[in-house]
Amino acid sequence: MKKKNRTAIPLFVFFLIIHTFLSRTDCDTKKLSPPRITMSKSDPDKSGPFNSSLGEVFDQLGISISKADDFVIQKNISMYEWENTFFTVSAEKNGSVIKIEVINNIDNNSAERRIEEKKYIINSLYYQTPSPYPGMISNTIEYPDEFKPKVEYIEIEGVKTAFLILSSTSRFTYGVGAEELIAYRGALIFIYNEKEKKLYQIELFIPKEKFDKKDVLSIFGSIVRRSKVETVQEKSSDIKKDRNANKNYNLIIIGFEPLGVNHTGASGYFRDTTPNLDKFSKNAFLFKNAVSPSSWTLPSFMSWFTSLYPSQHKILNKYSIYTDKEKVFSNLSELSPSAVTLAQVLKKNGYSTAGFTGDAGVAGNFGYNLGFDIYYDKITFAGFDLVLPMALEWINKNRDENFFLFIQGYDVHGRYQLPADFKNQFADPNYKGKYKGTVDEYWKLRDLSVNEGFLNMADEDIKFWESWYDAKIYEADKKLGTFFDEFDKMGLGNKTIIVVSSGSGNEFYEHKRFDHGFSLYEELIRVPLIIKVPDKKGSVIENQVRTLDIMPTVLDMLDIKYNEIIKDQMQGVTLVPLMNGEDLKLDAFSETDYLSYTFKRSLRTSDGWKYIHSIDTRERELYNLRDDPKELNNLAEKEKRIAYELEQKLFKHLKSIGEDYKK
């Protein structure tokens, strides 16, 4: 039997009704006056179509939706009533319509009350529940289940957020009768920005025949609120004095992988492993306490190029899904569609961009190639011997352009195949152990470390592998020295910022394990960070920093203008104040979900404490790095108050970036 249709009430009417109802409830002692309404030329009834794009009003709204920034505005209304300000913007593209309604200056409790009220009204259209406004809305019709609102979830800025899938007879109206009356399918989501006291109601409606839930997920997934991240205030400085000159700087970032700072000359290492890197750092800013956001390549380098923590950019492992039936490669565009990379920002600002890498953990198919004109990743675990000559050739061809170049090599990785004539000049000539230093030997030890747990190695074997690692560092350092020499001959040193760092270090049985990725100890997350700036003397900086800070720092030095989307995305801060002699206290958070074998999170405080929490085993570790730099004395039980405080600080951080683990 054909069902009787009921009145479909436009949401904007609901909005005004609810606002008036709540305002009279909350403000009964105030003089009530009608709202002031202003309507821009975007009102088609007033002056015809308005051709501005939605992206042009994001600064006004305080929110951005990158996947909808090219929707064309049809209506732009502002309302002012008492202490609140209201904005409503509607925009259209190919028949799909999005509407953003904003209430400013609304506290959390009032926002929650409004959301629940609106949800109740919407549900009253579909379910036989009494409406708060009986007589205006019928509640006597029973709808088929497929037409009723359905709750779905999506991650927005790392937070699981609910939204409603809805059916509509026309744009921005709820309530349907027979199926043939459905003209649109769409979705409704509420977002509250507690810091700025803004409540957003965002609706997306798509013609029924074009509707695909993936479109909704893509658009809603690109929502970013403003002022999510505190950033360091800009201050006058020598580095930023001549902005026009900085705009002409090139940028080279070099990944020396996996080089732990504990095996470099700058750290006071007893072997002369890095003479060329040490020479380079004498005229640069040398950060002696740089911390990586993870302990292995894949997540760490993505944090360089997005300034997001691994759990935010979601490039955590090679596969985002790995089951017997399904294996899906991790990809930034799919897992974090709203994330923007450093290369994309620089490309948009007119830079020629290229990357020459050793593939594997920085392969283009993970999303590392985004924003690059050229991205070389054809040889897995390739080293500097391959990529540095290619980089020099590319520089020579693009020397007259502003360019960004990323170079990465795996010369000190266990999977890097050494040449046949390789000599381990640091090895003990009297070593009689069972190892020869082959890739197969190394990888068997790594697999045992991951699969079997703690290893049992003889002291002489440990020293052999450390000497093998040091010899590889020395050989890679020679190649890097040659690159620096050849680059200097090109005469581009006075207009190029050069950054050298690493994704992680390597462990050689310091904590009974081998290789990297599984742990978050100092030998893994403390890495070199050297930044050379043209015509600047440089200095040694002892303050703790993060490689997460690379992106905001270089954008600052290059005087790149970026929008609120990028500003809100970046979790790191600019290190320019430190480079100008100012003080900056930064805590460092690191994480690893290595191969889904382990799930660890750590906090390294600016005053020398280290707390490690294993999510899977609930193991707690606390170290005083000033007295115990090798992390051999776990103080979690002895210093319970400090352990508790750092645990709470760590979990507060995890919650702020979308992880809400229980102890």
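About the criteria used
- Residues numbered from 1 in each chain as written.
- Predicted model: local features only at pLDDT ≥ 70, side-chain atom pairs only at ≥ 80, totals over all residues.
- Heavy atoms only, no water.
- Core = buried A, V, L, I, M, F, W, Y, C linked by side-chain atoms within 4.5 Å.
- Buried < 20%, exposed > 50% of the residue type's maximum accessible area, 1.4 Å probe, protein only.
- Contact = heavy atoms within 4.5 Å.
- Helix = DSSP H or I, 4+ residues; strand = E, 2+ residues; numbered from the N terminus.
- Pairing = 2+ DSSP bridges.
- Phe/Tyr/Trp six-rings, centres within 6.5 Å; stacked < 30°, edge-to-face > 60°.
- Lys NZ or Arg CZ within 6 Å of the ring centre and 35° of its normal.
- Axes fitted to C-alpha atoms, helices over the stretch in contact; angles between N-to-C directions.
- Parallel < 35°, antiparallel > 145°, perpendicular 65-115°, else oblique.
- Nonpolar A, V, L, I, M, F, W, Y, C, P; charged D, E, K, R; others polar.
- Polar contact = N/O pair within 3.5 Å; in protein donor to acceptor, adjacent residues only side chain to side chain.
- pLDDT = per-residue confidence, 0-100.

What follows concerns the nonpolar core. Counting 60 residues, the largest nonpolar core has L251, I253, L342 and F404 as its most contacted members. Among all residues touching L251, those that are not within four sequence positions of it are L342, L346, F403, F404, L405, T496, I497, V499, V554 and L558. Among the nonpolar cores identified, the runner-up in size contains 52 residues, and L392, V412, I462 and I498 belong to it.

Turning our attention to helix α16 (residues 550-557). Among the eight residues of α16, eight are classified as buried, and the element is accordingly described as predominantly covered. I550, M551, P552, T553, V554, L555, D556 and M557 are the residues of α16 that are buried.

The next point concerns the side chain of S614. Mapped onto the elements of the fold, S614 is located in strand β26 (residues 609-614). Discounting residues that sit within four places of it in the chain, S614 has contacts with F599, K600 and E619.

Moving on: the pairing of strand β9 (residues 198-207). The buried count for β9 comes to 10 of 10 residues, which makes it a mostly enclosed element. Pairing between strand β5 (residues 96-104) and β9: eight bridges, direction antiparallel. Note on β9: the bridge partner recorded for I98 is L204. Across 10 bridges, strand β8 (residues 184-193) lies against β9 in antiparallel orientation. Residue pairing for β9: Y192 is matched across the bridge by L199.

Another point: the environment of R446. Secondary-structure assignment places R446 in helix α13 (residues 439-452). Along the backbone, R446 and R513 are 67 residues apart, and their C-alpha atoms lie at a distance of 8.1 Å. Sequence-distant contacts of R446, that is, excluding residues within four places in its chain, are made with F514, D515, Y594 and L595.

On to the packing of aromatic side chains, then. Applying the stated criterion across every chain yields a total of 34 aromatic pairs. A ring pair is formed by F301 and F406, whose centres lie 6.1 Å apart and whose planes are at 50°; its orientation type is tilted. Of the two residues, F301 is situated in helix α8 (residues 297-306) and F406 in strand β17 (residues 403-409); the sequence distance between them amounts to 105 residues. Taken individually, F301 and F406 each receive the classification buried, so the pair is uniform in this respect. With 5.5 Å between their ring centres and 90° between their planes, F508 and F514 make a pair best called edge-to-face. Over the aromatic face of F518 sits the side chain of R513, whose NZ or CZ is 3.7 Å from the ring centroid.

So, on to the packing of helix α12 (residues 384-397) against helix α14 (residues 459-489). Put simply, α12 and α14 touch, their axes get as near as 10 Å, and they point 10° apart. By the angle between their axes, α12 is roughly parallel relative to α14. The segment α12 lies against α14, with F384, D385, L388, A391, L392 and I395 engaging A476, K479, L480, F483, E486 and F487. Of the residues in the contact of α12 with α14, the class split is nine nonpolar, no polar and three charged.

With that settled, consider the side chain of D593. Structurally, D593 can be placed in the loop between β24 (588-592) and β25 (600-604). Exposure remark for D593: the relative accessible area of 9% places this residue in the buried category. Polar side-chain contacts of D593 include one of 2.8 Å to the side chain of R601. Among residues more than four places away in sequence, those in contact with D593 are L316, N317, T598, F599 and R601.

Here we come to the pairing of strand β15 (residues 352-356). Regular strands show a simple pattern: their side chains alternate between the two faces of the sheet. Burial runs high along β15: five of the five residues are buried. Residues S352, A354 and F356 point to one face of β15 and T353 and G355 to the other, with burial holding for every one of them. Strand direction decides the pairing type here: β15 and β17, joined by five bridges, are parallel. Bridge pairing in β17 links A354 to L405. Two elements, β15 and strand β16 (residues 374-376), share three bridges in a ladder whose sense is parallel. Note on β16: the bridge partner recorded for A354 is I374.

For the rest of this paragraph, the subject is the confidence of the model for the protein chain. On average, the protein chain scores 83 in pLDDT, and the residues at 70 or more come to 81%. Note that residues 1-50 has pLDDT below 50 and, in this model, 107 contacts with residues that lie over four places away or in other chains. Of the regions scoring below 50 in pLDDT, residues 129-140 engages in 31 contacts with residues more than four places distant in sequence or in other chains.

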